[in-house]
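Observations on the model geometry
Listed below are the residues making up each chain.
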Amino acid sequence: MRVIVESSPEQVARMAATFVAALVRKKPTCVLGLATGSTPLGLYRELIRLHREEGLDFSRVTSFNLDEYVGLAPSHPQSYRYFMQHNFFQHINIDQRNTHVPDGRALDFEAHAEQYERRIKDEGGIDLQVLGIGSDGHIAFNEPGSSLGSRTRLKTLTSETVRDNARFFNDPAEVPRLAVTMGVGTILESRRCLLLACGRHKAEAIRATVEGPVTAQVTASALQLHRDVIAVVDEDAASSLYRREYYCEVEQSQQALQAGKLKFGA
Ligand code: PGA
């Protein structure tokens, strides 16, 4: 796993945006996997800026979101569809018909989940999946114990996740206990994963993800099995990594290589 440590959440957002923007420029018809939560907000702001100031063109891009709360209508301010509309989609030139968020009010969740998976395949698969991480190490809503081969399905949220997410709701009793989420197996099929984390409260989850054993108890650790994962984290989120210095050395070599300045010993 490639680990890039940035000095601040703003720098994390900027670095993450360079990967997304490079893909959109190289492959204008790309399929993006998108995430909600506070972490990717800076990335979306930066992409909106690139769209406005540099003409980054999303008109042929397709997107699939990771998850949605069960029971919330798309118009509910805490639904993930609403989040995406207000924080990203309505500020860029993506065709709304090409944006996909699981339906939290599907009548038959099993059929809906299958259809969501099929749609991803029909679009040629996800080129780049943006991921946040929960303080318990979950990716999307794949809570500890989720099968590492899981597909899109209904998932019960842990009390830790419900507590983490209660800050967005007026009344904690309103926080949904169920979500429709892409599975770990679905995420692992993306061609590239971009994992973002900021803050000390993510440090333990990042350590377990990058350096711990692969375990369903930390579903993000399954990313160790993927051949192209880039974790962009701030200093606080990197603060528990044992091999932090080495990751920085790898980045320096990478940059030197790109700049043609790599020195070989005698
Ligand atoms: P956050 O959520 O970005 O709001 O911290 C991440 C997650 O729970 O996946």
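Here, every reference points to the structure presented above.
Computed from a predicted structure; not experimentally measured. Positions within a chain are numbered from 1, following the residues in the order the chain's sequence is written. Per-residue local features of the predicted model are confined to residues with pLDDT of at least 70, and side-chain atom pairs are confined, for both listing and counting, to 80 or more; whole-chain, interface and lining totals are unaffected and use all residues. The side-chain numbers reported here are obtained from all heavy atoms of the structure, hydrogens and water having been left aside.

Here's the deal with the site of the ligand
Taken together, G37, S38, T39, I133, G134, H138, R167 and K202 make up the full set of residues adjacent to the ligand. Between an oxygen atom of the ligand and a side-chain N or O atom of K202, the distance comes to 2.6 Å. Each accessible area value is a Shrake-Rupley result obtained with a 1.4 Å probe; residue values ignore everything except the protein chains displayed when judging cover. Here the ligand has 280 Å² of accessible area as a free molecule, and 85% of this is covered by the chains. Of the residues that constitute the shell around the ligand, the class distribution is 1 nonpolar, 5 polar and 2 charged. To be near a molecule or strand, a residue needs just one of its heavy atoms within 4 Å of it. Think of a polar contact as two N or O atoms within 3.5 Å of one another; within protein, one of them needs to be a possible hydrogen donor and the other a possible acceptor, and neighboring residues in sequence only count if both atoms come from side chains. Residue polarity follows a fixed list, in which Ala, Val, Leu, Ile, Met, Phe, Trp, Tyr, Cys and Pro are nonpolar, Asp, Glu, Lys and Arg are charged, and the others, Gly among them, are polar.

A word on the pattern of salt bridges
We count a salt bridge whenever a side-chain nitrogen from Lys or Arg sits within 4 Å of a carboxyl oxygen from Asp or Glu. Tallied over the entire structure, the rule returns 13 salt bridges. Among the salt bridges present, the one from R25 reaches E54, with a minimum N-O distance of 3.5 Å. Of this pair, R25 sits in helix α1 (residues 9-26) while E54 sits in helix α2 (residues 41-54), and the two are 29 residues apart along the sequence. The partner of R200 in a salt bridge is D236, with the nearest N and O atoms 3.3 Å apart. Here D236 lies in the loop between β10 (229-234) and α8 (244-258) and R200 lies in the loop between β9 (192-197) and α7 (203-211), a separation of 36 residues in the sequence. Only protein chains enter the accessibility calculation, which uses a 1.4 Å probe; a residue whose area is less than 20% of its type maximum is buried, one above 50% is exposed, and one in between is partly exposed. According to the relative accessible area criterion, R200 is exposed, its value standing at 57%. Residue D236 is classed as partly exposed on the basis of its relative accessible area of 32%. Among the charged side chains, a network of salt bridges with common partners joins K27, D127 and R191. Segments assigned H or I by DSSP are reported as helices when at least four residues long, segments assigned E as strands when at least two residues long, and all are numbered from the N terminus.

Overview of the sheet that holds strand β4 (residues 67-69)
As a general point, the strands of a sheet are linked pairwise by backbone hydrogen bonds and lie either parallel or antiparallel. Should DSSP find at least two bridges between two strands, the strands are regarded as paired. Read from one edge to the other, the open sheet built from 3 strands follows the order β4-β8-β7, with strand pairing classed as antiparallel. Each edge of the open sheet carries a strand with a single partner, namely β4 and β7 (153-156). Adjacent strand axes in the sheet meet at a mean angle of 30 degrees when their direction is disregarded. The sheet contact formed by β7 and strand β8 (residues 178-181) spans 4 bridges and is antiparallel. Bridge pairing in β8 links K155 to A179. To define axes, lines are fitted to C-alpha atoms, for helices over the stretch in contact only, and angles between the resulting N-to-C directions are given on a 0 to 180 degree scale.

A look at the nonpolar core
Within this scheme, the nonpolar core is defined by two criteria: the residues are buried Ala, Val, Leu, Ile, Met, Phe, Trp, Tyr or Cys, and they are joined through side-chain atoms within 4.5 Å. L47 and F88 are the most contacted members of the largest nonpolar core, which has 63 residues in total. Beyond its immediate chain neighbours, meaning those up to four positions away, F88 contacts L34, Y44, L47, I48, F58 and F83. Membership of the second largest hydrophobic core comes to 10 residues, among which are L72, Y80, L157 and V162. Contacts: residue pairs with any heavy atoms within 4.5 Å of one another.

Things to note about the packing of aromatic side chains
Between rings of Phe, Tyr and Trp, where Trp is taken as its six-membered ring, a pair exists when centres lie within 6.5 Å; planes separated by under 30 degrees are stacked, by over 60 edge-to-face, and by other angles tilted. Taken as a whole and judged by the stated rule, the model has 9 aromatic pairs. Aromatic side chains Y69 and F141 sit 5.8 Å apart centroid to centroid with 40 degrees between the ring planes, which places their arrangement in the tilted category. On the criterion of sequence distance, the pair formed by Y69 in strand β4 and F141 in the loop between β6 (128-131) and β7 is long-range, its members being 72 residues apart. Taking relative accessible area as the criterion, F141 reaches 3% and is therefore assigned buried. Measuring from centroid to centroid gives 6.0 Å for F88 and F89, while their planes differ by 35 degrees, and the two rings are tilted. Assigned by exposure class, F88 and F89 land together as buried. Put simply, the rings of Y44, F58, F88 and F89 touch in pairs and so form one group of aromatic residues.

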